[in-house]
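Examination of the molecular architecture
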Amino acid sequence: MKLSRINQLHFRFILLALLNVVLLTSGFQNLYSQNTKKNRVRIKTNYVKIMDGESYFDIRATSKVEKENVDVSHVDILVYNEIEDEKIKLGTITTDVKGQSRYTLKSINDIKPDSTNTYNLLFSFKGNDQFKKASKSFSFKDVDIVDAKVITIHGINYITATLSDPNTKNPIADESLGVLVQRLFKSLRIGEEFNNTDENGTIVVPFEEELPGVDGNLTFEIVLNDHDDYGTVKALINAPLGIPVVHESTFDDRTLWSPRNKTPLFILVFANLLILGIWIPVIYLITNLFKINNAKT
Amino acid sequence: MENHKTLIYDLAPRKFGKRGVIWTLFLVVIIIAGIVAYIDQLIKGQEVTNMRDYALWGIYISNFVFFVATSFVGTVTVAILRLTNNSWRTPLVRIAEIISVAAIIMAGITIMIDMARPDRLLNLFIHARLQSPITWDVVIIPTYIVISLLLLYFPLLPDFAILKKHFKKTKPKLSKWYGKLSLNWKGSVAQKTIQTKSIKIIAIMIIPVGILLQTIDAWLFSTTYRTGWDSTNFAPYFISGAFVAGIGALVTVIYVVRRVKKLEHYITDYHFDKLGKLLVLALLLYFYFNINEYLIPSFTAKKDESVHLNTLFTGSYATLFWFVTIVGLIIPIIVLLFKKGRKPYPMFFIGLIVVIGSWWKRFVIVTPTLLHPFLPIQGVPESWRHYFPSLHEWLITIATLAMALLIITILVRYLPVIPIQRTYEEQELLKTDKTIET
Amino acid sequence: MEDKNKSSRRKFLDKGLKLGIVSAIGGLGLSKITSKLNATNDDSSGEKMELMTTDGTLIQVDSSEVLEIEHPADNDKKYNVREGMPNRKFVMVVDLARCKNALKCQSACNKHHYITGDNAWIKIYKMQESKDTAPYFMPTTCQHCDHPPCVTVCPVDATFKRRDGLVLIDNERCIGCRFCMAACPYSTRVFNWSEPDQGEITLNMDMYQHEYLSPEYAGMPSLKGTVDKCDFCPHFVKNNELPKCVEVCPNNVFYFGDKYEDTVSNSDEIVRLSELLEERAGYRLMEGLGTEPSVYYLPPKDRWVDFEEALKNYKEFESVEKPE
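Residues numbered from 1 in each chain as written. Chains lettered and ligands numbered in written order. Predicted model: local features only at pLDDT ≥ 70, side-chain atom pairs only at ≥ 80, totals over all residues. Heavy atoms only, no water.

1. Brief notes about helix α11 (residues 234–261) of chain B
With 28 residues, α11 of chain B ought to run about 40 Å at 1.5 Å a step, and its terminal C-alpha atoms sit 40 Å apart, in line with that. In the stretch just after α11 of chain B, K262 of chain B is the one whose phi turns positive, near 55°. (Helix = DSSP H or I, 4+ residues; strand = E, 2+ residues; numbered from the N terminus. Expected span 1.5 Å × (residues − 1).)

2. Details of the sheet that holds strand β12 (residues 270–272) of chain C
Residue and element names in this part refer to chain C. Within the open sheet, the five strands sit side by side as β12-β11-β10-β3-β13. Their pairing is mixed. Edge positions in the sheet fall to β12 and β13 (295–298), since each has one partner strand and no second. Neighbour-to-neighbour, the strand axes of the sheet open up by a mean angle of 25°, direction not taken into account. Sheet topology places strand β10 (residues 254–258) next to strand β11 (residues 263–265); three bridges connect them, and they run antiparallel. Each residue of the ladder has a partner; that of F256, found in β11, is S265. (Pairing = 2+ DSSP bridges. Axes fitted to C-alpha atoms, helices over the stretch in contact; angles between N-to-C directions.)

3. Observations regarding the interface of chain A and chain B
Across the contact, 30 residues belong to chain A and 31 residues belong to chain B. Both sides together, the interface formed by chain A and chain B hides about 2400 Å², and carbon and sulfur atoms give 75% of it. The three residues of chain A that bury the most area against chain B are R260, L285 and I292 of chain A, which together make up 27% of that side's buried surface. At the boundary of chain A and chain B, one finds zero salt bridges. Inspection of the region where chain A meets chain B yields 11 residue pairs in polar contact (both at pLDDT 80 or more). Considered class by class, the residues forming the side of chain A that touches chain B number 19 nonpolar, seven polar and four charged. (Contact = heavy atoms within 4.5 Å. Buried area = accessible area lost by both parts, 1.4 Å probe. Salt bridge = Lys/Arg side-chain N within 4 Å of Asp/Glu carboxyl O. Polar contact = N/O pair within 3.5 Å; in protein donor to acceptor, adjacent residues only side chain to side chain. Nonpolar A, V, L, I, M, F, W, Y, C, P; charged D, E, K, R; others polar.)

4. Overview of the interface of chain B and chain C
Residue-level contacts link 45 residues of chain B with 55 residues of chain C. Its largest share of buried area at the contact with chain C, chain B owes to Y225, L375 and Q378 of chain B, together 19% of the area lost on that side. The tally of links between chain B and chain C comes to two salt bridges. Here E316 of chain C ties to R385 of chain B by a salt bridge, and the two come within 3.1 Å at their closest N and O atoms. Applying the counting rule to chain B against chain C returns 35 residue pairs in polar contact (both at pLDDT 80 or more). At the level of elements, α2 (18–44), α6 (123–126) and α7 (133–153) of chain B are the ones that each hand at least two residues to the side of chain B that touches chain C. By residue class, the composition of the side of chain B that touches chain C is 22 nonpolar, 11 polar and 12 charged.

5. Thoughts on a positive patch on the surface
Where like charges cluster on the molecular surface, the positive patch consists of K164, K165, K168, K169 and K186 of chain B. Along the chain, K186 of chain B falls in the loop between α9 (172–181) and α10 (189–222). (Patch = residues over 30% accessible without salt bridge, like charges linked within 9 Å, V, L, I, M, F, W, Y side chains within 5 Å. Areas by Shrake-Rupley, 256 points an atom, 1.4 Å probe, with all protein chains shown as cover. Lys, Arg positive; Asp, Glu negative; His and termini not counted. Charge placed at Lys NZ, Arg CZ, Asp CG, Glu CD.)

6. Re a negative patch on the surface
Side chains of E208 and E209 of chain A together with E275, E278 and E279 of chain C sit close together on the surface and give a patch of like negative charge. The residue E278 of chain C is located in helix α8 (residues 273–279) in this model. With relative accessibility at 68%, the residue E278 of chain C sits in the exposed group. (Buried < 20%, exposed > 50% of the residue type's maximum accessible area, 1.4 Å probe, protein only.)

7. Section: helix α14 (residues 303–313) of chain B
All names here are of chain B. Three or more residues of α14 are buried, namely H308, L309, T311 and L312. For α14, the buried positions fall inside an angular range of 155° around the axis, keeping them on one side. Looking at the packing, one finds that the buried side of α14 touches α12 (269–295), α13 (297–300), α15 (318–336) and α16 (344–370). (Arc of directions from axis to C-beta.)

8. Some details on the domain arrangement of chain A
Note: interface size is frequently given as the accessible area lost on complex formation between the parts. All names here are of chain A. When cut into domains, chain A gives domain 1 (41–141) and domain 2 (144–244). One C-alpha centre belongs to domain 1, the other to domain 2, and the line joining them spans 28 Å. Taken together, the contact pairs 10 residues of domain 1 with 13 residues of domain 2. Approximately 900 Å² of surface area, both sides summed, lies buried where domain 1 meets domain 2, with 50% of it carried by carbon and sulfur atoms. In this structure, the connection of domain 1 to domain 2 is made through one salt bridge. A salt bridge links D144 to K49; its shortest N-O distance comes to 2.8 Å. Applying the counting rule to domain 1 against domain 2 returns six residue pairs in polar contact (both at pLDDT 80 or more). Listed by contribution, the elements that provide at least two residues to the side of domain 1 that touches domain 2 are β1 (41–50) and β8 (134–141). Top contributing element to the side of domain 1 that touches domain 2 by residue count: β1, with five residues. The residue makeup of the side of domain 1 that touches domain 2, split by class, is five nonpolar, three polar and two charged. (Domains from an automatic or database assignment.)

9. Description of a nonpolar patch on the surface
Taken together, the side chains of F323, Y345, F349, L352 and I356 of chain B present a nonpolar region at the surface, about 450 Å² in accessible area. Here Y345 of chain B is to be found in helix α16.

In structure tokens form, the structure reads like this:
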């Protein structure tokens, strides 16, 4: 008898729970049916790792509103690390006025990989009045560019670096690296577009160009660009392989177009001599007026 | 003493008759209209003018150049004629100095009207850059104002003393003012020495300063790349133009003052004849510079120069150009070459058209150049390709001219227009030494 | 007795827990539904902000109308604004062979600098040297000359030449004499003859005043009675972004960069400046005047588009689009 009573209670409970679930889902369905004017959001992710530096994910949220692409600005994106079935929240970033945002990872050890050594991240947007919720998964494997340096053989400078697995330290062969010199907005490529790593995971690229650099210094980038598995990885080298820049500015000189504290000496001297040469007699003349006034008869 | 008394009676300032009062009121009304227009310009900005990004300088600047040029008359009559021992200048010098002072003060005021941010006037002094020709202008104009005032004032001292005595009974308050301004002038040896020395210094100094003033005014234009302005000829061209404008103004004002104050005795046909010869000399010199400026570039006919010259000879500014050249330059030369043309009455008209021609000539110098820059005028409204001053600009400009005339009027009203003491001394000298030529 | 108590307690707990879960889920569902039913669809959040306009009046503005403008990444200046970015010499290259007179550069510049007058800061001239030589379109900005005639003649140091090559205007100092405009042979300067009617930008200005009213933010705002011109967008360049005209040109007509690095780039390309000038016979405008401009032109050889095609977009009397 007790059993049947418990069963009855259980039945009632299950009924009530089911009812509520129906209510909930219908409620959500109402949400969707009411707001068909919410726009879909696309989240683009780019992963960049700088050797001996930070790694970061550049997020861009865009949406097609009335057939035009607009930036989804000032929205929160939650960043999760997906391990097996768990989602660990890493942080929240907010898109700027251009719909862009950057999530910086101080160290790769801040996130955990899965069993295949792949890091899985999820960027999620909860949605708001205007936009539907959206999310983007991003997976990548960690790789290192090591031993990036300049070597000189027979008087010719070469840029060399090795692509290796960070865990096993094994070299990774037959991947294409690029070598560039950092410039103001973009970087200038030197050598071939594709430099494949050999069986030791190494590339050796000659640098024979004459490029100017401040004080003769150039910053080289060895880049594994937008790889399907690894994202973008960069190693930076500073080397005095450039031609020192000769500054051309006349800012420090006395010129006709300088500010007043750098007036050409000729003008300074000549003009002031003229002014004094005229005004000293003028002042003398004015004093003469006083003299006349005070003259004794 | 009889002579002296007559002199004083003839030359002492008199109260304005009806004509004088009407004239003054007329000027005041024009000035008020100009001030109202200027306040409107301050509030709305210079969009009330017809200047735009291409015709960026208009009649405010050409009017300014005109005033600067006219102020040269002080240098010419007082200093240059003095250095060349032309004693006939005596009855004319006071009026010349008065015109000089009025013109250069108005030049200073007119240039401030062209500044779009007069609230930042002090920047011209606090942040002045010596490399800029405008800074040179900012230095030279106050300098010339001071020197012109000194040139006017020093010779006035004995006359003020005379007038103080003259008005003591009839107008005691006025007499007191004359007394203050005469700086206790007693005619003592000490005072006379100081005065003579001072006048000598001023007369010498004003020549380089006056020439410098005209030169810097020309350099405002010839330190740019613009065709029509970038000319090595510009400074002497402006100096000779100032000669013309100044003497033309002198002739006109002298005639009017002489008529109104009945000074035919003192300013005779002889004086007009001499002035006429001086004016024709100036006009011939100016004509020479005009040939260099406008005829010679058509010899090589560089494209930019040709465009500029065609605008003036046959294009949109042709009427004005030929008006100022023929009416303002050629006709006066022809008329003044004849003795009959140098009689007072014709001289008055010649003086008038020389002044009017001088004013419009500067308009022809300033704006046409701006309307054909190196790169074509595109991407702006069609009206920006032309320039004719707006009502605001006319009201303000005419008001500045009225203000100059008002200053002259007031000074003529209260100052003896012919130096009394000096005339007396010269006449005394003549009596004792008949060998001195008049 | 104890057994009964235990079982009743258990029952109570059991029931209570179930009731709690059920009501929680139900309540959640209900609240979601009701909030969605109450939500309105219009943009106004209903909140008002109080702002002050440039002439000192207080106005109430709906806070959703107030747009945020990007702040520069570094608020504290790492260099003197009159001296400029260290170790840089900015140059621009204009490829006349590619210009189709699309006018995108002009509208982007006008929009970004809030130009409201009738004269744009970048003008695309229809040029033809003589009647037998071929016509072409030539985009012209301020040339940021190394021997700038405009800077030479400024009486109050309102326009100045920086170490990094830029010629900028301090519109707080300018007295409006327009001598610089008379001196410039490239006719590149414009004047604010009246109060520039920049509208909503003025509202934003008042919020960010300490960051604007700087020569590096030309036109933001413009002041009545002062001069304006192209500034090579230093507010972008210092954040490693290209000037507006360079960025938006659909035909990659412009290149921009640092002469000291001998490299110029646009949105798509990066090239060595010296190589570009040598291969394509680069030159400068009015070289004979001695102004030493910072803008190089590549002659219109092997054009990408017919001149007649480009001519269709030509507006002889307009360079700034006016709102209706």
